2 protein chains.
Amino acid sequence: MSSQIINPPPRLLMGPGPINADPRVLQAMSNQLIGQYDPVMTGYMNETMALYRQVFKTQNQWTLLVDGTARAGIEAVLVSILEPGDKVLIPVFGRFGHLLREICERAQAEIHTIEVEWGQVVDPEQVEQAIRKVRPKVFATVQGDTSTTMLQPLQEIGEICRRHEVLFYCDATASVVGNTLLVDEWHLDAVSVGLQKCLGGPSGSAPITLSDRYVAEVRKRQHVEAGIRTAQHQAGERPRILSNYFDVPMLLDYWGEERLNHHTEATTMLYGARECARLVVEEGVENCVSRHELHGRAMLQGVQGLGLQVFGDLKHKMNNVVGVYIPEGVNGEQVRQSMLLDFNIEIGTSFGPLHGKIWRIGTMGYNARKDAVLTTLSALEQVLRRAGYQAPAGGGVQAAFEVYERG
Amino acid sequence: MSSQIINPPPRLLMGPGPINADPRVLQAMSNQLIGQYDPVMTGYMNETMALYRQVFKTQNQWTLLVDGTARAGIEAVLVSILEPGDKVLIPVFGRFGHLLREICERAQAEIHTIEVEWGQVVDPEQVEQAIRKVRPKVFATVQGDTSTTMLQPLQEIGEICRRHEVLFYCDATASVVGNTLLVDEWHLDAVSVGLQKCLGGPSGSAPITLSDRYVAEVRKRQHVEAGIRTAQHQAGERPRILSNYFDVPMLLDYWGEERLNHHTEATTMLYGARECARLVVEEGVENCVSRHELHGRAMLQGVQGLGLQVFGDLKHKMNNVVGVYIPEGVNGEQVRQSMLLDFNIEIGTSFGPLHGKIWRIGTMGYNARKDAVLTTLSALEQVLRRAGYQAPAGGGVQAAFEVYERG
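Just so it is clear, the model here is predicted, and its values are computed rather than measured.

## Considering the environment of I160(B)
Residues and elements named next belong to chain B.
At step 1: By the element assignment, I160 lies in helix α6 (residues 155-163).
At step 2: For I160, a relative accessible area of 5% translates into the label buried.
At step 3: The spacing of I160 and V127 is 33 residues in sequence and 8.1 Å in space, taken between C-alpha atoms.
At step 4: The residues contacting I160, other than those within four sequence positions of it, are P124, E128 and I131.

## Quick word on helix α4 (residues 95-106) of chain A
Residues and elements named next belong to chain A.
At step 1: Between its first and last C-alpha atoms α4 spans 17 Å; for twelve residues at 1.5 Å apiece the expected length is 16 Å, and the two agree.
At step 2: Regarding α4, the residues found buried are R95, F96, G97, H98, L99, L100, R101, E102, I103, C104 and R106.
At step 3: Backbone geometry just after α4 places Q108 at a positive phi near 65 degrees.

## Digging into the side chain of R259(A)
All names here are of chain A.
At step 1: Relative to the assigned elements, R259 resides in the loop between α8 (248-255) and α9 (267-283).
At step 2: At 3.1 Å, the side chain of R259 forms a polar contact with the side chain of N46.
At step 3: Setting aside chain neighbours within four positions, we find R259 in contact with Y37, T42, M45, N46, D253 and Y254.

## Structural notes on the pairing of strand β3 (residues 87-92) of chain A
Residues and elements named next belong to chain A.
At step 1: A large share of β3 lies buried, amounting to five of its six residues.
At step 2: When β3 meets strand β4 (residues 110-115), the two strands line up parallel, connected through six bridges. Looking at the pairing, I90 lines up with T113 of β4.
At step 3: With respect to chirality, the unit in which β3 leads through α4 into the neighbouring parallel β4 is right-handed.
At step 4: Note: β3 against strand β5 (residues 138-142), two bridges, orientation parallel. Within β5, the position partnered with V88 by the bridge is V138.

## Remarks on the interface of chain B and chain A
At step 1: Taken residue by residue, the interface counts 82 residues in chain B and 82 residues in chain A.
At step 2: Taking both sides of the interface into account, the surface hidden between chain B and chain A amounts to around 7,100 Å²; carbon and sulfur atoms contribute 55%.
At step 3: Joining chain B to chain A, the criterion identifies eight salt bridges.
At step 4: Taking the shortest distance from any N to any O, the salt bridge between E102(A) and R240(B) comes out at 3.7 Å.
At step 5: Summed over the shared surface of chain B and chain A, the result is 38 residue pairs in polar contact (both at pLDDT 80 or more).
At step 6: Secondary-structure elements contributing two or more residues to the side of chain B that touches chain A are α1 (23-29), α2 (39-56), α3 (70-81), α4 (95-106) and α9 (267-283) of chain B.
At step 7: Among the elements that line the side of chain B that touches chain A, the one with the most residues is α4(B), at eight residues.

## Considering unusual backbone geometry
At step 1: Of note, the amide linkage connecting G17(A) to P18(A) takes the cis form, showing an omega dihedral of 0 degrees.
At step 2: Topologically, P18(A) is positioned in the loop between β1 (12-13) and α1 (23-29).
At step 3: A positive phi angle, near 60 degrees, is found at H187(A), a position not held by glycine.
At step 4: Residue classification places H187(A) among the partly exposed residues on the basis of a relative accessible area of 26%.
At step 5: Phi is positive for E165(B), which is not a glycine, with a value near 55 degrees.
At step 6: Locating E165(B) in the fold gives a position in the loop between α6 and β8 (167-171).
At step 7: Relative accessible area serves as the criterion here: at 67%, E165(B) is assigned to the exposed category.

## Some details on the relation of the copies chain B and chain A
At step 1: Note on the identical chains: chain B maps onto chain A by a rotation of 180 degrees and an axial translation of 0.0 Å, with an RMSD of 0.0 Å. Interpreted geometrically, this transformation is the action of a two-fold axis. Measuring from the rotation axis to each C-alpha of chain B, the shortest distance belongs to G68(B), at 2.3 Å.
At step 2: Both copies present the same face, since 100% of the interface residues in chain B are matched by interface residues at the equivalent positions in chain A.

## Quick look at the domain arrangement of chain A
All names here are of chain A.
At step 1: Splitting chain A by domain gives domain 1 (15-281) and domain 2 (285-406).
At step 2: Inter-centroid distance (C-alpha atoms) of domain 1 to domain 2 is 30 Å.
At step 3: On the domain 2 side, the residues contacting the 35 residues of domain 1 number 29 residues.
At step 4: Together domain 1 and domain 2 conceal approximately 2,600 Å² of surface at their shared face, both sides included; 64% is due to carbon and sulfur atoms.
At step 5: Three residues, G15, W118 and T149, lead the burial of domain 1 against domain 2; their summed loss comes to 22% of the area buried on that side.
At step 6: On the surface where domain 1 and domain 2 come into contact, there are one salt bridge.
At step 7: Remark: the boundary between domain 1 and domain 2 carries 13 residue pairs in polar contact (both at pLDDT 80 or more).
At step 8: Listed by contribution, the elements that provide at least two residues to the side of domain 1 that touches domain 2 are α2 (39-56), β6 (144-145) and β7 (150-151).

## Structural notes on the sheet that holds β3(A)
All names here are of chain A.
At step 1: Spatial ordering of the open sheet is given by β2-β10-β9-β8-β5-β3-β4, a layout of seven strands whose pairing is mixed. Among the strands making up the open sheet, the edge pair consists of β2 (62-66) and β4. Averaged over all adjacent pairs, the angle separating strand axes in this sheet is 20 degrees, with direction ignored.
At step 2: In the sheet, β5 pairs with strand β8 (residues 167-171) via five bridges, with the strands oriented parallel.

## Some points on the UniProt feature "modified residue: N6-(pyridoxal phosphate)lysine" (unreviewed entry) in chain A
Residue and element names in this part refer to chain A.
At step 1: Under the UniProt annotation, "modified residue: N6-(pyridoxal phosphate)lysine" (unreviewed entry) lies at K197.
At step 2: The topology assignment puts K197 in the loop between β9 (190-192) and β10 (206-210).
At step 3: You can call K197 buried: its relative accessible area is 9%.
At step 4: With near-sequence residues (within four places) excluded, K197 lies in contact with P16, G17, I19, T146, T173, A174, M364 and G365.
At step 5: In this structure the side chain of K197 is engaged in a polar contact, spanning 2.7 Å, whose partner is the backbone oxygen of P16.

## Let's talk about the confidence of the model for chain A
At step 1: Chain-level pLDDT for chain A is 96 on average; 99% of the residues reach the 70-or-more range.
At step 2: Our summary of model confidence lists the complex with pTM equal to 0.97 and ipTM equal to 0.97.

Criteria and cut-off values
Residues numbered from 1 in each chain as written. Chains lettered and ligands numbered in written order. Predicted model: local features only at pLDDT ≥ 70, side-chain atom pairs only at ≥ 80, totals over all residues. Heavy atoms only, no water. Helix = DSSP H or I, 4+ residues; strand = E, 2+ residues; numbered from the N terminus. Buried < 20%, exposed > 50% of the residue type's maximum accessible area, 1.4 Å probe, protein only. Contact = heavy atoms within 4.5 Å. Expected span 1.5 Å × (residues − 1). Polar contact = N/O pair within 3.5 Å; in protein donor to acceptor, adjacent residues only side chain to side chain. Pairing = 2+ DSSP bridges. Right-handed = clockwise from strand over helix to strand, strands pointing away. Buried area = accessible area lost by both parts, 1.4 Å probe. Salt bridge = Lys/Arg side-chain N within 4 Å of Asp/Glu carboxyl O. Least-squares fit on C-alpha atoms with pLDDT ≥ 70 in both. Domains from an automatic or database assignment. Axes fitted to C-alpha atoms, helices over the stretch in contact; angles between N-to-C directions. UniProt positions renumbered as here; feature names shortened; annotations may be inferred. pLDDT = per-residue confidence, 0-100.

Structure (structure tokens):
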């Protein structure tokens, strides 16, 4: 088999993620490597920690990268804190609630869930009731679940968790910097994200932030590798974490001043993660969220202007993705194919109960831009017309323009 | 805190890895992203599988990437095959034997080791004796352990494992394409590597290859995520794998024709991993190994030409790294600092019992080049002289030239 030099087509990625990387992120990633204990490299690591503190709106010292995709960050946080038999409470309002449950099951935790219909979020009162009943060690949720486009409100739950001394973990991969996330103010003890949504980078690095409360708990499971252990390293009192790669105390000793060798840091991904955060900090986190709100609203009004119905409780829709019902008589996959292959624009399919019923259209990161929104709506109108759907001529683009003109 | 655009110094990385990435790999990684189910993307995934079959000298269908650093590949292979209580036999002849043991302990396996002094390898007869006694499910070893520079011979062990129906796993991160590795001919059932050594890429992607025997075993632990499960998906008969991220059957369903959603593939790392393999296949795997043998020999003769003593059993030294005793009266860390900060050349320190006793100097991947070897030896001579060591003038470079002239 012979393969050619890589030359991907110029897609505009308007699905639920991954989306196009910001060109500045790719430029950062094209820099040559340096050694993992080079003072310049450890300097970059410290800068990356400081930058993500700003992204996460936190003072947490322990703000760092897990080397893997977003779900690597989820697994690291959960497998390090949950000992076999520990109780965890999880609201399931979409696919990623199932994923949290699945990861916690494998950590041998005792699972309790709050099930919510897809398209809704969970009510804080329900959470407090369940916490009183279950008395979990950890409450684990996603903030934005792209499978349903819903954004779970977190502030009240944070207060509830703190009141009941429950550790509060949230995966904010799909929502971070596209929607407000105030880690310290909302009493979050652990948050994990990925780069491939509103942060405008490629999948493959998972920024996490951890409160001192979380860290104090996982430090009880501290364990230094035999190959590099010295007399000063004592084993923690609690059972060892089930994974070496995802052992958070080890990651802390690698990112901290001790610089104990663990994995070899994924330097190129770190260059990218650092640049993603630099872009957001330059823009300002609040401005970045406002930009997602604006372009998300333009896309929402646009698809409605095409006469399409949207999915879920709009009061709780994420800024950066919208679920659009496939109109009757239209072949959803043919529309996606024509968008992709004729217009080089990707929109998303969906999972589980929504499969075949809705498309998901994203406006995130580098692609939360006016031209990307207008181009997508314009193409969608043409493709829908050819698929037999009577789209009002110019109705999508016009509705989006109105949002931009009203501001 | 304000951070600057990334601008790493132009280091020549001559340690035990990571080393400089081949510029073609960085170019490949600077390409824009595409969606994870884009036909172009799944095409790249299939090409990557085919390319790594050539790198690994295997017909194994299941040859793919784990999204993480080299140790992510190790953990995926081991945690998927080892059920709690399963017996595993591990030779420990350096730091990475300890790491394998550590990972297997966390998988709750029953651990048996063969301990060998650092600087030696394990004798196949010892392995056969231990296998007869222990009757393990898995024999797990590293091929090249950079902590000692030793290369474990595998061929005879492969025959022994096959005869006793033991699954044979090897981590070849530090050795692959710098030393001969014949996956099928040597009866290896699972091999994992990383990009950051002789493959000339950045850390962050772990190519693995799996035999049908290995796959048949882990398929017994098959389990499809609740969020995407349908009636056709049946749970396997054996206990679920302890990790979701490292669940090999799930990775197979993602890389295979079923394309079941798991993680979001780390596209940029895949572009890089693909280009690493393309470079090796273009050069020819055997030619690539010969190049490492030549430049590794030039470096070995060079440091000896400087009057330095080398570490370990030279019959079993890896081609791509040499351990060099720090001469008496010389401050090893000062020499490394001067090499790094005055000459922009990185050489390695060492771990455990060798810490403070030897430097490790690598010649691998893009840096297995004549100019890199000569430049390093030339600088080392100057730095050693300033550190008070009486280096024979030109002795290192002259000895290396002799290797290149003799061929």
